[in-house]
Amino acid sequence: MIDSAHKQTVVLASGNAGKLRELGEVLAPLGVALAPQSEFNVPEVEENGLSFVENAIIKARAAAEHSGLPAIADDSGLEVDFLNGAPGIYSARYSGAGDEGNNARLLEELRDTPEPQRSAGFQCVLVYMRHALDPTPLVCQASWEGFILQEPRGDHGFGYDPLFYVPDHQCSSAELPRELKNRISHRAKASALLFEALRKR
Ligand code: ITT
């Protein structure tokens, strides 16, 4: 399916502008024409799964069903060790007040928590479904380990990026150049796995 002579349009099952941009950039080498689900009037689905995998499948299935095309979904989030993995699958809805509210709540939950106990990891599950009833979706998962800062730094990326410290680069993920985040992030790593899985299929 990644034979460029038979370029296949795949729907990206996401309404998150940050994800759409990053996935568009990291999946471009697949040779797949990516179309956002907004082009197909895909209705908002309830993400009522209890894992990233379940929610990614729910989103990919809805996008495939309403577009009639193969679909890729990304379900992702931040797991903070001191908070027993919260916000996890609830990362987007942690505060009910968008990215800024989510970051404020996270800082509040970790108030007085010292550096070594602020370890955290971004998780990304990418699901590819050939059609809505695909019984064998491709599921690729990757993580990116770091720490939660005491205050926001940087203005690239989206979501929790300003609070996510990347030890290897000694800055927040919102301070990383876009191309660099797209090479080392949870999403970049899951995309590389998906690339391999699609190549083999
Ligand atoms: P779609 O379901 O429409 O794709 P969403 O934002 O609701 O968009 P999720 O349910 O997967 O998506 O929630 C993911 C949240 O996790 C996202 O809103 C961010 O708060 C956070 N997140 C995921 N990847 C991130 C990244 O690379 N940088 C910063 N925050 C990230």
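Structure: see above.
Residues numbered from 1 in each chain as written. Predicted model: local features only at pLDDT ≥ 70, side-chain atom pairs only at ≥ 80, totals over all residues. Heavy atoms only, no water.

## Quick notes on the sheet that holds strand β2 (residues 33-36)
Piece 1. Read across the sheet, seven strands follow the order β2-β1-β3-β4-β5-β6-β7 without closing on themselves; strand pairing throughout is mixed. Single-partner strands in this sheet number two, and they are β2 and β7 (171-172).
Piece 2. Two strands pair when backbone bridges link them, and strand β3 (residues 71-80) and strand β4 (residues 119-129) are joined in this way by 10 bridges, in the antiparallel orientation. Bridging across to β4, Ala 73 finds its partner in Val 127.
Piece 3. In the packing of helix α1 (residues 17-27) onto the sheet, contacts are made with β1 (9-12), β2, β3 and β4, and the angle to β3 comes to roughly 115°.
Piece 4. Along the sheet, helix α5 (residues 186-200) makes contact with β3, β4 and β5 (138-148), crossing β5 at roughly 160°. (Pairing = 2+ DSSP bridges. Helix = DSSP H or I, 4+ residues; strand = E, 2+ residues; numbered from the N terminus. Contact = heavy atoms within 4.5 Å. Axes fitted to C-alpha atoms, helices over the stretch in contact; angles between N-to-C directions.)

## Thoughts on the packing of α1 against α5
Piece 1. Taken N-terminus to C-terminus, the directions of α1 and α5 make an angle of 45°; their axes are 10 Å apart at the nearest point. Considering their axes alone, α1 and α5 lie oblique with respect to each other. Regarding α1 and α5, the two cross each other, and that crossing is right-handed. For the pair α1 and α5, contact is made by Lys 19, Glu 22, Leu 23, Val 26 and Leu 27 and by Arg 187, Ala 188, Ser 191 and Leu 194, respectively. (Parallel < 35°, antiparallel > 145°, perpendicular 65-115°, else oblique. Left-handed = near helix turned anticlockwise from the far one by under 90°.)

## What about the side chain of Ser 14?
Piece 1. With respect to the helices and strands, the residue Ser 14 is situated in the loop between β1 and α1.
Piece 2. A polar atom in the side chain of Ser 14 sits 3.1 Å from the backbone nitrogen of Asn 16. (Polar contact = N/O pair within 3.5 Å; in protein donor to acceptor, adjacent residues only side chain to side chain.)

## Here we look at unusual backbone geometry
Piece 1. In this structure, the amide linkage connecting Ala 86 to the following residue, Pro 87, adopts the cis form with an omega of -5°.
Piece 2. At Asp 112, a position not held by glycine, the phi torsion is positive, near 70°.
Piece 3. Structurally, Asp 112 can be placed in the loop between α3 (98-109) and β4.

## Some details on the layout of surface pockets
Piece 1. By volume, the largest pocket amounts to about 720 Å³.
Piece 2. Forming the walls of the largest pocket are 31 residues, and the residues nearest its centre are Asn 16, Lys 19, Glu 47, Lys 59 and Ala 92.
Piece 3. For the lining of the largest pocket, the secondary structure elements donating two or more residues are α2 (52-67), β3, α3 and α5.
Piece 4. Classifying every residue of the lining of the largest pocket gives 10 nonpolar, 11 polar and 10 charged. (1 Å grid on protein atoms, 1.4 Å probe; cavity = no way out; pocket = protein on both sides within 12 Å on 5 of 7 lines; lining within 4 Å. Points joined across faces, edges and corners; volume = space filled by probe spheres on them. Nonpolar A, V, L, I, M, F, W, Y, C, P; charged D, E, K, R; others polar.)

## A word on the pattern of salt bridges
Piece 1. Taken as a whole and judged by the stated rule, the model has 14 salt bridges.
Piece 2. The shortest N-O distance in the salt bridge between Glu 22 and Arg 187 comes to 2.8 Å. Here Glu 22 is found in helix α1, whereas its partner Arg 187 is found in helix α5, with 165 residues between them in sequence.
Piece 3. We classify Glu 22 as buried; its relative accessible area is 2%.
Piece 4. Here Arg 130 and Asp 134 are joined by a salt bridge, their closest N and O atoms 2.9 Å apart.
Piece 5. On the accessibility criterion, Arg 130 (37% relative accessible area) is partly exposed.
Piece 6. A single salt-bridge network, built from bridges that share partners, covers Lys 19, Arg 21, Glu 22, Asp 74, Asp 161, Lys 181 and Arg 187. (Salt bridge = Lys/Arg side-chain N within 4 Å of Asp/Glu carboxyl O. Buried < 20%, exposed > 50% of the residue type's maximum accessible area, 1.4 Å probe, protein only.)

## Considering α1
Owing to its 3.6 residues per turn, the α-helix aligns residues three or four sequence positions apart on the same side.
Piece 1. Taken together, the buried positions of α1 are Gly 18, Lys 19, Glu 22, Leu 23, Val 26 and Leu 27. Within α1, the buried residues cover an arc of 130° as seen down the axis, which keeps them to one side.
Piece 2. Among the residues of α1, the N-terminal cap falls to Asn 16, whose side-chain oxygen and the backbone nitrogen of Gly 18 are separated by 2.8 Å. (Arc of directions from axis to C-beta.)

## Side note on the site of the ligand
Piece 1. Near the ligand there are 21 residues, and of these Ser 14, Gly 15, Lys 19, Lys 59 and Lys 181 occur at the shortest range.
Piece 2. Take Asn 16: an N or O atom from its side chain is 2.9 Å from an oxygen atom of the ligand.
Piece 3. One nitrogen or oxygen atom from the side chain of Asp 75 is found 3.1 Å from an oxygen atom belonging to the ligand.
Piece 4. Using a 2 Å cut-off from the grid points, one finds that the ligand occupies the largest pocket.
Piece 5. Elements that contribute at least two residues to the shell around the ligand include exactly α1, β3 and α5. (Near = heavy atom within 4 Å. Sits in = over half its atoms within 2 Å of the grid points.)

So yeah, pure geometry; function would need other evidence.
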